[in-house]
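# Commentary on secondary and tertiary structure
What follows is the residue order along each chain.
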Amino acid sequence: MLGYRSMFIEFDPSVSIDRILREITLENDAFGASFEPQVRPADERFGDFQANGILPFAKKAGLNPRDLAQKLIGLLPHSDFWETSIAGPGFINFKLSPLFFKKWIEKFKNAESFRNAAEVKKPQKIVVDFSSPNTAKQMHVGHIRSTIIGESLARLFSFIGHEVIRDNHLGDWGTQFGILLFAIKKENISLEDLGTDPITKLENLYRMGNGWVKDDENKLVQAREELVKLQNGNPENLALWQKIKDISMDSFLGIYKMLGVQFDYSLGESFYKNKVEPVYEKLLHHQICVENAGALVVFHPEHKRFSKQPFIIRKSDGASNYASTDLATVEYRRKEWQSEQIIYVTDGRQRDHFEQLFMTVQKWFSKEKNICPILKHVWFGTILGEDNKAIKTRDGEPIKLIDLLNESIERAKALVVEKNPDLENSEVSRRAKIIGLGAIRYADLSQDRTLDYVFSWEKLLAMQGNTGPYLQYAVARIHSIFRKVGLKPNEIRISDYPPTSDSEKKLARKLLFFSGAIKQTIKELKPHFLGTYLYELTTEFSSFYSQNKVVVEENEIKFLRLILCARTLCVLEIGLDILGIETLQEM
Ligand code: ARG
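Below or above, wherever it landed, is the structure these notes cover. Keep in mind that what you see is a predicted model, and the values were worked out from it rather than measured. (Residues numbered from 1 in each chain as written. Predicted model: local features only at pLDDT ≥ 70, side-chain atom pairs only at ≥ 80, totals over all residues. Heavy atoms only, no water.)

So, about the overall build of the chain. Of the regular secondary structure elements, the chain holds 22 helices and 13 strands. Among the 587 residues that make up the chain, the fraction classed as buried is 52%. Partitioning the intrachain contacts of the chain with sequence separation of at least 6 by distance along the chain shows that 72% fall at a separation of at least 24. Counting only carbon and sulfur atoms, one obtains 49% of the accessible surface of the chain, whose full area is about 27400 Å². (Helix = DSSP H or I, 4+ residues; strand = E, 2+ residues; numbered from the N terminus. Buried < 20%, exposed > 50% of the residue type's maximum accessible area, 1.4 Å probe, protein only. Contact = heavy atoms within 4.5 Å. Areas by Shrake-Rupley, 256 points an atom, 1.4 Å probe, with all protein chains shown as cover.)

Turning next to the pattern of salt bridges. Applying the stated criterion across every chain yields a total of 34 salt bridges. As a salt-bridge pair, Arg155 and Glu151 come within 2.7 Å of each other at their nearest N and O atoms. On the criterion of helical spacing, the pair formed by Arg155 and Glu151 is a turn pair, its members being four residues apart in helix α7 (residues 142–159). Judged by its relative accessible area of 2%, Glu151 is buried. Counted as one network, the salt bridges with shared partners bring together Glu151, Arg155, Arg166 and Asp577. (Salt bridge = Lys/Arg side-chain N within 4 Å of Asp/Glu carboxyl O.)

In any sheet, the strands associate via hydrogen bonds between backbone groups, in a parallel or an antiparallel arrangement. Pairing in this open sheet of four strands is parallel, and the strands run β6-β5-β10-β11 from one edge to the other. Edge positions in the sheet fall to β6 (163–167) and β11 (374–380), since each of these pairs with one other strand and no more. Each strand of the sheet is rotated relative to its neighbour by a mean of 20 degrees, with strand direction disregarded. Where strand β10 (residues 341–347) and β11 come together, seven bridges link them in parallel fashion. Residue pairing in the sheet places Thr346 in a bridge with Trp379 of β11. (Pairing = 2+ DSSP bridges. Axes fitted to C-alpha atoms, helices over the stretch in contact; angles between N-to-C directions.)

On to the site of the ligand, then. Neighbouring residues of the ligand: Asp129, Ser132, Asn134, His169, Tyr322, Asp326, Tyr344, Thr346, Gln350 and Phe354. Here a nitrogen atom of the ligand sits 2.8 Å away from a polar atom, N or O, in the main chain of Ser132. Contact distances for the ligand include 3.0 Å between a nitrogen atom and a side-chain N or O atom of Asn134. Looking at the shell around the ligand, the elements that each hand over two or more residues are α13 (322–337) and β10. Taken together, the residues of the shell around the ligand break down into three nonpolar, five polar and two charged. (Near = heavy atom within 4 Å. Polar contact = N/O pair within 3.5 Å; in protein donor to acceptor, adjacent residues only side chain to side chain. Nonpolar A, V, L, I, M, F, W, Y, C, P; charged D, E, K, R; others polar.)

By secondary structure assignment, the location of Gly260 is in the loop between α11 (235–259) and α12 (277–285). For Gly260 and Glu582, which are 322 residues apart along the polypeptide, the C-alpha to C-alpha distance reads 9.6 Å.

Right, let's talk about the side chain of Thr538 for a bit. The residue Thr538 is located in helix α21 (residues 528–547) in this model. Residue class for Thr538 comes out buried when judged on its relative accessible area of 1%. Other than its neighbours up to four places away in sequence, Thr538 contacts Tyr470, Leu471, Ala474 and Leu572.

This paragraph deals with helix α14 (residues 351–367). With 17 residues, α14 should reach 24 Å at 1.5 Å per residue; the first-to-last C-alpha distance of 25 Å fits that figure. Every buried residue belonging to α14 is among His353, Phe354, Gln356, Leu357, Phe358, Met359, Thr360, Val361, Trp364 and Phe365, and all of these are buried. The inward-facing, buried residues of α14 contact α12, β8 (295–298), β9 (311–314), α13, β10 and β11. Positive backbone phi, at 55 degrees, marks Lys369, one or two positions downstream of α14. (Expected span 1.5 Å × (residues − 1).)

Next up, the structure:
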């Protein structure tokens, strides 16, 4: 009758339980097609998964939920893979058997099989718009979150089979250029020889220029004139602007290379400067925007705040702005790339901008009967210093991102040398880079992105606790186990035994929840769900390892424990790679 046995071993066990429950209820008079099993992870004390669907279903049908739960359990054929029980008013608990764990471990044996299992049925074309610094300035600590979170989401989308386009929406057409061009000309600076750190020079020039225009109306007018000249395509200003952009890009690329981030496009705001006119026309035509004291603005009458707070899409002097380019950008990404989803990763202060942008785009696309991509704003909080204020240098300046990354590598070097005093210099540097950058990344990705977090060197580089080095160390430790037995992790055969001892079962159980962690991360676009899962897996592994000798006399026990090590390693390596964190075989 039911083909349930062969299909039961799924990457996500809750999917199989759901399917079986649907199968047996579909043709049963008491249930039928409208019954939703609602299978969720269960509290460990009661089981591994629970079906919560009985309660709402019974309520609707006016039936006693416990009786109904009893009936459903009666319908389930005997299985070697689980035990069931009823809890509370009508929840059904499923406790998976050691045999199930054994089969699951057998089936999901390497990165390839995990990847295949995690693949979505309908892959989408997803644009991830992230990092997106402004040119003429260097990247500061504030830019790290967008870069790290965006890259991790991009990796996760590809892992589950989506087609990802990484687009760096550079702020390369802003008002900063008026002041900068003015300063360059006034100081008679040649952009060809700015020395070894050209981006810092530019930034200092900008700061100087900013000081001048603040105190001097005349200079402010001159700076504005430079901007207008640039916007009108004056060749001299355009050439300078291009050079500034190249210098900025060079400095960004150094950081991206360190972080293993590669963009498919870096179109930036300037790319859209000639694409905004038609957008104004269309939005005017559809009566989505109105003229207001020379500016073009959008109100959303159905929205509490945005019925009064305008979304300015063209400034009163006729110039385009951040909003105009973002409107043109959505249109371009849909038309040229057929993107089905666009994810924007920026700090939380831009929430209004994106909410207004999305509402405007939805109205516009619906008027034209175009399919609107799914638009999501993935926003994050601020990195705080130990004084609980936005992190700064001692002189109150923003911290340069490159300095922060280098400091982390330097500090990691001390850790590596302490552990291996005789290691060759080049190997010390290689390991320090992986540990230092991993620590910074993990410190960010292990926090709920919507919260501010306090940056602390001691915490993020600690070898114990929820840190990058702790996870990397677990990976290295598992590798060392395999070095000792002289086998490769993927050479370990399946043992005759299923996981039996408490800590073996606990570790196996944790492995099964990998897919759940991925699912939740995708659902909320919050990488810390994956980070937390990896941390919990690591602690589960640590207790397994301290309670069980792996290399024992009895071969079947040895292979059971080795296979648990191998699968833990596999999940840790996949998970950390999704977070963008490199691992080491020795630490
Ligand atoms: N350049 C902007 C900033 O530094 C971020 C751009 C985000 N992307 C977008 N399409 N608006 O805040």
